[in-house]
Amino acid sequence: ALRHEIRGSSPVVQTMLGKVSKIARSSSSGLIRGESGTGKELLAEAIHAASPRSARPFVKVHCAALSQTLLESELFGHEKGSFTGANERRVGRFESADGGTLFLDEIGDMPLALQAKLLRALEEQTVRRLGGNKDIFLDLRIVCATHKDLSKMVESGEFRADLFYRLAVFPISVPSLSERLDDVPILLKSFAEEYSARNPKMAAPVFSDT
């Protein structure tokens, strides 16, 4: 069963959840597209929770939050002394997600040089730590998210075409609130109930579903 925290019964949301169920049953990569704040991470968590990998780790990496060197180390890990400040061996997020799901948020912000290494990891199911000489075999699923138009970035040379087609096996678009106005009462009720649970001394307002 699809277990998730996504609220809504509008047709666009039901279509989206149908795609989530489909990708969850497969072992393919997924690409979630949508505006900031639309719940792309929730969707990735729903894919993981409904998949055979649900008992294994769900590991998140925000690609826009780190420099290229730090992001590479975060993803693939590093050996002691591999660069200035690498005072001990570190296991990367790929290894931490072995058997489970690795969620790469804002994949459109990943530098081109790292895109090549990500593609190799996907194709060969292996990673090599920075400063290391040993390939580490892994079994995991990659789910990515972006608010950017990656197809246009491919045309402009800002994103690798081969990586894009590898990731976009199951593309899912997250609708903005303006595309799902029928869900507003449900969302308001959910937010009010959550706020009331956190602040039990304050009564939650009553919202009608009609």
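Residues numbered from 1 in each chain as written. Predicted model: local features only at pLDDT ≥ 70, side-chain atom pairs only at ≥ 80, totals over all residues. Heavy atoms only, no water.

(A) Molecular detail of the overall build of the protein. The number of helices and strands found in the protein is eight helices and nine strands. Counting over 210 residues, the protein shows a buried share of 42%. Here the analysis covers contacts within the protein between residues at least 6 apart in sequence; of these, 71% occur between residues at least 24 apart. Roughly 11,400 Å² of accessible area belongs to the protein as shown, and the carbon and sulfur atoms make up 51% of that amount. (Helix = DSSP H or I, 4+ residues; strand = E, 2+ residues; numbered from the N terminus. Buried < 20%, exposed > 50% of the residue type's maximum accessible area, 1.4 Å probe, protein only. Contact = heavy atoms within 4.5 Å. Areas by Shrake-Rupley, 256 points an atom, 1.4 Å probe, with all protein chains shown as cover.)

(B) Representation of unusual backbone geometry. In this structure, E106 is a non-glycine residue whose phi angle is positive, near 55 degrees. Relative to the helices and strands, E106 resides in the loop between β5 (101-105) and α5 (112-124). Of note, the phi angle at Q125 is positive, near 55 degrees, even though the residue is not glycine. Structurally, Q125 is set in the loop between α5 and β6 (126-127).

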